Amino acid sequence: MNVADNTQNSASQPLDERVNNRSQRPSSDAFKAFMASNWAPSNQELPARDAVADFAATRRAAISAKFPGERLVIPAGPLKVRSNDCDYRFRPHSAFAHLTGLGLDHEPDAVLILDPVAEGMGDGGAHHSATLYFRPLAGRDTEQFYADSRSGEFWIGARPTLAEFEAKLGLPTAHIDGLETAITKNVGATEIGGTSVRLVRKVDENIDALVDTVRYNTAKDPDTLDLAVLDALDEKLSEALSELRLIKDSWEIEQMEIAVAATVEGFEEVVKSLPRALTHVRGERVIEGAFFARAREAGNELGYDTIAAAGNNATVLHWTRNTGTVSAGELLLLDAGVEADSLYTADVTRTLPVNGTFNEVQRKIYQAVLDSADAGFAAAQPGTKFRDIHTAATTVLAERLDSWGLLPVSVEEAISPEGQQHRRWMPHGTSHHLGLDVHDCAQAKRELYLDGILEEGMVFTIEPGLYFKSEDLAIPEEYRGIGVRIEDDILMTANGPVNLSAGLPREATEIEDWMAGIFQAADAGK
Ligand code: GLY
Ligand code: MN
Ligand code: MN
């Protein structure tokens, strides 16, 4: 895959050009002329406006209202190299996806710019006009068409034209060649008629450098430029974009339902794969693969690496190596989520008895976690605090651990801030926001997150667990090697929490019945 001519073969050839040495692209004028000729016309039909377009416009208007008079720069990010000339699958930054409505693999190097305009003159009466800069599809008469392995149609297929994205997103578009000017024009002190600029940093280092340079070049006194002050300006933009996502609109809720529905199907596929997993030296990989197949068929990807953890591996909170065996009599903790084409992701955990039946001690521990989750659901009401979910869920766990004789102190002492001994067996938080990112809204202020109030339109997890490691000498032997987590995806409504992942059973007996049904159907189909 090469872009540059590979006519050099001396030892002085720069190393980063040598990736092109495995082939040589013809460069004669005759070849170029032939490649540029005799192609059928491209499809000229413009796509319909996406349902997301109006929602994205409303989101842009909300962020516009917070930063009147300032240029806002929101990059999608570049392709990331995996090794040599192989890139990772592209995923745009979530703030970019949120404000443009673009999902799937669109669009490396693109940048959304919200340019300040006179009050009320922007899109939908906002303080900004929006333009999406990106590299549009190159014509078949260009070298890019057949010679550019990262963006040429011959290599990766047709990509959008400016007109196509404009029609689909309801958003003015412009060629990426105009990006530098669009970011830097008139930047300078506002007292002298300049425009200040805020950037979502650490997404595209080329854009970071461009903004740093223009700020430096236009500073009244570059020697006293305070980078910390400028970083704080940028951080406020990232914070506002993160907080904008705390409440999901109806289109986003639909996307969450799509992601969760595909995830439920993925869990069913995993149960079907259990007989094979039992026979495989890396049974956990069989499970991971079964879920991944569904994620790619039904959506874009996984929202995060699947945790397929059997036996004692289930006590490792983020066990994603998935190299272990799966044995009858063990529990399997499966924490997995399909990311929809829109990039919204589910995040669901079920703990399943590999052979279809919980034993007594497994059932006892499972029930404690289920009771804890139910207490979390009961605490989650519009108007209560986000942190109340965790308090309610962990108090149930502390009480249960105490009743089993495991707490070295009283329940009161354990749940006090100075104690927390129960957290030895449940060291993670109980809830996080969910959406475009599995840990969504991560830059929101604490007072809007952990100390925030639950509101209609929020989507979050409830996911208590108990993790009894095989090396834990503070517990009886029969508990060792058992890890249980139950994780559901919750939509807060005016009438209370709705469990989006209720399509998967939660009660131990319901799980056994559900698994038996899948095993029987598979047997009948043999
Ligand atoms: N799957 C990661 C989490 O549950 O937060
Ligand atoms: Mn989670
Ligand atoms: Mn999870």
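Residues numbered from 1 in each chain as written. Chains lettered and ligands numbered in written order. Predicted model: local features only at pLDDT ≥ 70, side-chain atom pairs only at ≥ 80, totals over all residues. Heavy atoms only, no water.

J.: Which parts of the structure should I look at to understand the site of ligand 1?
T.: For ligand 1, the full set of nearby residues is Tyr304, Asp335, Asp347, His432, His439, Glu463 and Glu487. Measuring from a nitrogen atom of ligand 1, one finds a side-chain N or O atom of Asp335 at 3.1 Å. Glu487 places a polar side-chain atom, nitrogen or oxygen, 3.2 Å from an oxygen atom of ligand 1. Burial of ligand 1 by the protein amounts to 91% of the accessible area it has alone, namely 200 Å². A class-by-class count of the residues in the shell around ligand 1 yields one nonpolar, two polar and four charged. (Near = heavy atom within 4 Å. Polar contact = N/O pair within 3.5 Å; in protein donor to acceptor, adjacent residues only side chain to side chain. Areas by Shrake-Rupley, 256 points an atom, 1.4 Å probe, with all protein chains shown as cover. Nonpolar A, V, L, I, M, F, W, Y, C, P; charged D, E, K, R; others polar.)

J.: Looking at this model, I keep getting lost on a nonpolar patch on the surface. Mind explaining?
T.: Residues Trp39, Phe154, Trp155 and Ile156 make up a contiguous nonpolar surface patch of roughly 420 Å² in combined accessible area. Overall, Trp155 belongs to the partly exposed group, its relative accessible area being 37%. (Patch = residues over 30% accessible without salt bridge, like charges linked within 9 Å, V, L, I, M, F, W, Y side chains within 5 Å. Salt bridge = Lys/Arg side-chain N within 4 Å of Asp/Glu carboxyl O. Buried < 20%, exposed > 50% of the residue type's maximum accessible area, 1.4 Å probe, protein only.)

J.: Honestly, the coordination of the manganese ion (ligand 3) in this entry has me stumped. Any pointers?
T.: By definition of the ideal shapes, four donors in a tetrahedron about a metal sit 109.5 degrees apart, and six donors in an octahedron sit 90 or 180 degrees apart. For the manganese ion (ligand 3), the full set of protein donor atoms is Asp335 (OD), Asp335 (OD), Asp347 (OD) and Glu487 (OE), and the range of their distances to it is 2.1 to 2.3 Å. Angles of 57 to 172° at the metal separate the six donor atoms of the manganese ion (ligand 3), which places the site in the irregular class. Between consecutive donors of the manganese ion (ligand 3), the numbers of intervening residues give the motif D-x11-D-x139-E. If you look at the manganese ion (ligand 3) and the manganese ion (ligand 2), they sit 3.3 Å from each other and are both ligated by Asp347. With a gap of twelve residues between them, Asp335 in strand 10 (residues 331-336) and Asp347 in the loop between strand 11 (338-339) and strand 12 (348-353) connect regions that are remote in the sequence. (Donors = N, O, S within 2.8 Å, 3.2 Å for Na, K, Ca; no water. Tetrahedral: all angles 85-135°; square planar, octahedral: opposite > 155°, others 65-115°. Helix = DSSP H or I, 4+ residues; strand = E, 2+ residues; numbered from the N terminus.)

J.: I would appreciate a short explanation of the nonpolar core in the present structure.
T.: When a protein is soluble and globular, its nonpolar side chains tend to lie buried together. Within the largest apolar cluster, 73 residues are counted, with the highest numbers of intra-cluster contacts made by Ile287, Ile365, Trp404, Leu466 and Phe468. Of all the elements, helix 10 (residues 250-279) adds the most residues to this core, at twelve residues. Residue contacts for Leu466: discarding those within four places in its chain leaves Ile365, Ala368, Val369, Leu397, Leu401, Trp404, Trp425, Ile482, Gly483 and Val484. Counting 25 residues, the second largest nonpolar core, distinct from the first, contains Phe96, Leu171, Leu237 and Ala240. (Core = buried A, V, L, I, M, F, W, Y, C linked by side-chain atoms within 4.5 Å. Contact = heavy atoms within 4.5 Å.)

J.: Is there a simple way to explain the packing of helix 2 (residues 52-66) against helix 9 (residues 227-244) in this structure?
T.: Relative orientation and spacing of two packed helices are given, respectively, by the angle between their axes and the distance between those axes. The contact between helix 2 and helix 9 brings their axes to 11 Å, and the two run at 140°. Judged on the interaxial angle alone, helix 9 and helix 2 are oblique. As for the relative orientation of helix 2 and helix 9, their crossing is right-handed in sense. Residues Arg59, Ala62, Ile63 and Lys66 of helix 2 form the contact with helix 9, whose own contacting residues are Leu237, Ala240, Leu241 and Leu244. (Axes fitted to C-alpha atoms, helices over the stretch in contact; angles between N-to-C directions. Parallel < 35°, antiparallel > 145°, perpendicular 65-115°, else oblique. Left-handed = near helix turned anticlockwise from the far one by under 90°.)

J.: For this particular structure, what's the right way to read the packing of aromatic side chains?
T.: In this description, an aromatic ring pair is defined by two values, namely the gap between the centres and the angle between the planes. What the rule picks out here adds up to 13 aromatic pairs. Arranged with centres 5.6 Å apart and planes meeting at 55°, the rings of Phe145 and Phe154 form a pair that is tilted. On the numbers, 5.4 Å between centres and 50° between planes, the contact of Phe468 with Tyr479 is tilted. Here Phe468, found in strand 14 (residues 465-468), pairs with Tyr479, found in the loop between strand 14 and strand 15 (482-485); they are eleven residues apart in sequence, far enough to count as distant. Take Tyr479: its relative accessible area is 2%, and that puts it in the buried class. (Phe/Tyr/Trp six-rings, centres within 6.5 Å; stacked < 30°, edge-to-face > 60°.)

J.: What should I look at first to understand the sheet that holds strand 16 (residues 488-493) in this one?
T.: Two strands in a sheet stick together by hydrogen bonds in their backbones, pointing the same way (parallel) or opposite ways (antiparallel). The strand order across the open sheet built from three strands is 13-16-17, with neighbouring strands paired in antiparallel fashion. In this open sheet, the two strands that pair with only one neighbour each are strand 13 (459-462) and strand 17 (496-499). Across the sheet, the mean angle separating the axes of adjacent strands is 40° when strand polarity is ignored. (Pairing = 2+ DSSP bridges.)

J.: What exactly am I supposed to notice about the pairing of strand 15 here?
T.: Regular strands place their side chains on alternate faces of the sheet. Burial along strand 15 is two-sided: the residues Ile482 and Val484 and Gly483 and Arg485 are all buried. One ladder, built from four bridges, connects strand 14 with strand 15; its direction is antiparallel. The residue bridging Gly465 from the neighbouring strand is Arg485, located in strand 15.

J.: Before we go on, may I ask you to explain unusual backbone geometry in this structure?
T.: If a residue is not glycine, its phi is most likely negative; likewise, a peptide bond is most likely trans. Phi angles above zero are rare outside glycine, and Asn38 is one such case at about 65°. Relative to the helices and strands, Asn38 resides in the loop between helix 1 (29-35) and helix 2. Residue classification places Asn38 among the exposed positions, given a relative accessible area of 78%. One non-glycine residue, Leu343, adopts positive backbone phi at about 85°.

J.: Mind showing me how you'd approach the environment of Gly125 here?
T.: In this structure, Gly125 sits in the loop between strand 4 (111-116) and strand 5 (128-134). Residue Gly125 is classed as partly exposed on the basis of its relative accessible area, which comes to 43%. In this structure the C-alpha to C-alpha distance between Gly125 and Ala65, which are 60 residues apart in sequence, comes to 9.8 Å.

J.: When you look at the sheet that holds strand 1 (residues 70-75) in this model, what are you seeing that I'm missing?
T.: Strand order in the open sheet made by the five strands is 6-5-4-1-7, with mixed pairing throughout. Edge positions in the sheet fall to strand 6 (173-175) and strand 7 (196-199), since each has one partner strand and no second. Going across the sheet, the axis of each strand differs from the next one's by a mean of 25°, ignoring polarity. Against the sheet, helix 6 (residues 162-169) makes contact with strand 5 and strand 6, and its axis sits at roughly 160° relative to strand 6, the strand it touches most. Where helix 9 meets the sheet, it contacts strand 1 and strand 7, and its direction lies at approximately 55° from that of strand 7.

J.: Hey, could you run me through the packing of helix 2 against helix 10 in this one?
T.: At a minimum axis distance of 9 Å, the contact between helix 2 and helix 10 shows a crossing angle of 125°. It follows from the interaxial angle that helix 2 and helix 10 lie oblique. Between helix 2 and helix 10, the contacting residues are Val52, Phe55 and Arg59 on the first element and Ser250, Trp251 and Glu252 on the second. Of the residues assigned to the contact of helix 2 with helix 10, the class counts are three nonpolar, one polar and two charged.

J.: Would you mind showing me how to read the pattern of salt bridges here?
T.: Should the charged atoms of two oppositely charged side chains come close, the side chains can pair. Summed over the entire model, instances satisfying the criterion amount to 37 salt bridges. Notably, a salt bridge pairs Arg198 with Glu70, separated by 2.9 Å at the nearest N-O pair. Of this pair, Arg198 sits in strand 7 while Glu70 is found in strand 1, placing the two residues 128 residues apart along the sequence. Assigned by exposure class, Arg198 and Glu70 land together as buried. In this structure, Arg91 and Glu339 form a salt bridge, with 2.8 Å as the shortest nitrogen-oxygen distance. With Arg91 in the loop between strand 3 (86-87) and helix 3 (94-100) and Glu339 in strand 11, the pair connects residues that are 248 residues apart, well separated along the chain. Among the residues examined, Arg91 registers a relative accessible area of 28% and is labelled partly exposed. Within the structure, one salt-bridge network assembled from shared partners comprises Arg201, Asp212, Arg215, Asp231 and Asp234.

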